[in-house]
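Read off the chains here:
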Amino acid sequence: MTAIKLRIHSRHREHMGIITSLGDFEWSAGDTIAAASLLDDPKITLYCLDQARERAIFTALPADIDLSGAPFMYQAQFDKAEFLVALPYADFLELAGAIPFDDRALLCLHNIGRCGSTVLARALNEIDGVITLSEPDALTNFVRMRGLPPAERSGLLRACLRWLCRPAIVQDHQRIVIKFRNQATAVMRLYVEAVPGAAHLFMYRNVIDWLASFHRLRVKRAAEAARYPREQAIDQQASYYGCPRAEIERLAQPSIASYRGLEGRAIGWLFMLEQYLELVESGAALAALRYEDLQLDRDGLLLSVMKRMGLPDTGLKAARRAFKSDAQAGTKLARDGGRGNTLPLPEDQQATVQQLLTAQPALNSADLILPNTLGVKGESR
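All figures in this text were calculated on a predicted structure; none of them were measured in a lab.

*Asks:* Help me understand the overall build of the protein in this model?
*Replies:* Within the protein one finds 15 helices and 12 strands. Here the C-alpha radius of gyration of the protein, 21 Å, is about what a compact globule of 381 residues would show, namely 21 Å. Taking the principal axes of the C-alpha coordinates as reference, the protein spans close to 60 × 50 × 45 Å. For the protein, buried positions account for 56% of its 381 residues. When contacts within the protein are restricted to residue pairs at least 6 apart in sequence, those whose partners lie at least 24 apart make up 78%. With the model as given, the accessible surface of the protein reaches about 16100 Å², and the carbon-plus-sulfur share is 50%.

*Asks:* Just checking my understanding: could you explain the pairing of strand β3 (residues 44–50) for this structure?
*Replies:* In terms of residue burial, β3 counts as a mostly covered element, since seven of its seven residues are buried. In this antiparallel pair of consecutive strands, β3 and strand β4 (residues 55–60), the connection spans four residues, and Glu 54 shows a positive phi of 55°.

*Asks:* Just checking my understanding: could you explain the pattern of salt bridges for this structure?
*Replies:* Where charged atoms of side chains with opposite charge meet at close range, the side chains can pair. The tally for this structure, following the rule as stated, stands at 19 salt bridges. Across the pair Asp 367 and Arg 290 runs a salt bridge whose closest N-O atoms are separated by 3.0 Å. Here Arg 290 lies in strand β12 (residues 286–290) and Asp 367 lies in the segment after α15 (347–358), a separation of 77 residues in the sequence. Note that Arg 320 and Asp 299 form a salt bridge whose closest N and O atoms lie 2.7 Å from each other.

*Asks:* Teacher, can you tell me more about helix α5 (residues 150–164) here?
*Replies:* The periodicity of an α-helix, 3.6 residues per turn, causes residues three or four places apart in sequence to face the same way. Relative to the 21 Å expected for 15 residues at 1.5 Å per residue, α5 spans 21 Å between its end C-alpha atoms, a close match to the ideal helical length. Where α5 is concerned, the buried positions are Arg 153, Leu 156, Leu 157, Ala 159, Cys 160, Leu 161, Arg 162, Trp 163 and Leu 164.

*Asks:* Looking at this structure, I do not really get the packing of aromatic side chains. What am I missing?
*Replies:* Both the distance between ring centres and the angle between the ring planes are used here to describe each pair of aromatic rings. Applying the stated criterion to the full structure yields 12 aromatic pairs. Ring geometry for Phe 25 and Phe 78: centres 5.4 Å apart, planes at 45°, overall tilted. Note that Phe 25 is positioned in strand β2 (residues 25–34) and Phe 78 in helix α1 (residues 73–80), a separation of 53 residues in sequence. The residues Phe 25 and Phe 78 share a single accessibility class, namely buried. One aromatic cluster is present, formed by Phe 25, Tyr 47 and Phe 78 through successive ring pairs. Over the face of the ring belonging to Phe 83 we find Lys 5, whose NZ or CZ atom lies 4.6 Å from the ring centre. Lying over the aromatic face of Phe 78, Arg 13 brings its terminal NZ or CZ to 5.8 Å of the ring centre.

So, how was this worked out
- Residues numbered from 1 in each chain as written.
- Predicted model: local features only at pLDDT ≥ 70, side-chain atom pairs only at ≥ 80, totals over all residues.
- Heavy atoms only, no water.
- Helix = DSSP H or I, 4+ residues; strand = E, 2+ residues; numbered from the N terminus.
- Rg over C-alpha atoms; globule rule 2.2 N^0.38 Å.
- Buried < 20%, exposed > 50% of the residue type's maximum accessible area, 1.4 Å probe, protein only.
- Contact = heavy atoms within 4.5 Å.
- Areas by Shrake-Rupley, 256 points an atom, 1.4 Å probe, with all protein chains shown as cover.
- Pairing = 2+ DSSP bridges.
- Salt bridge = Lys/Arg side-chain N within 4 Å of Asp/Glu carboxyl O.
- Expected span 1.5 Å × (residues − 1).
- Phe/Tyr/Trp six-rings, centres within 6.5 Å; stacked < 30°, edge-to-face > 60°.
- Lys NZ or Arg CZ within 6 Å of the ring centre and 35° of its normal.

Now the structure itself:
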């Protein structure tokens, strides 16, 4: 049972939103190594799945890289990889079966992006006994793999989780937080079914403020607010979430003939929240957390999340430390001068979003409260 080292000649990713693949690198095959040796090497971490060749791809990182402190694990792996390792699926699955794994130790942090999930993940990582893996993209790969037979897909997904959470990576931590990328909301059901014993939390935000957060990034880059015909806006969102076009089209108000880029994102907001609603309505054990509530009652909601993880209240002081700095510092998503967003979404774009919401049967308010949302100040919802 052997794996193959892949030498990296160059690396290229068009932008952060792209899901990882072996195509991120120009590479050539190198020496073979014993596959079992990967299990105990903490420098070897799962990067993506190479479905075309049926291989799992790992990155080999310098010893001083702490992925638990990275706001985006996949980006740190891409930037710092010294070489890659390719392991055939058959061996990947067989070795995964020997990795001890208890899904009750896991908190799955699902989110829509730009909603406080990065800082919450970082806060939990500050607590003794907790380790956070923020956006391991091998799990996001399943957005593109929904066509696999269910048994094969489930086996691969559980194997990915075992490799990511193997003892060499989590060491002596008793609790593991996996924060997903927002695209992964499209296949949230797969994760819930794969690890039913885990705690599952979904973070979301008022859609107008959510879009304003993206607007700030666009202004910062001096990017033009392009306008797209309705059909193109639908195609863009369907491609981003890797879902059938019909799932997006039914959310797009036919009376709106065109969308600016951020207005099109509002369709994605509807799609992501709808995934949560469908899971809750089917009886799945999910809770939700609003960005606005986290700002209003930070300590109370931190304690509520910690309780769901089986953590003592004594970890609160450590968790608070994460909120003293920008959790996305050093990335393209960092704040401006340490400040939060001060730019509102333009009024004409707000009006388009409100028009889109008006046509929805359930998700018809920018500031709605989803079922099972954690309450503030002890209130029940």
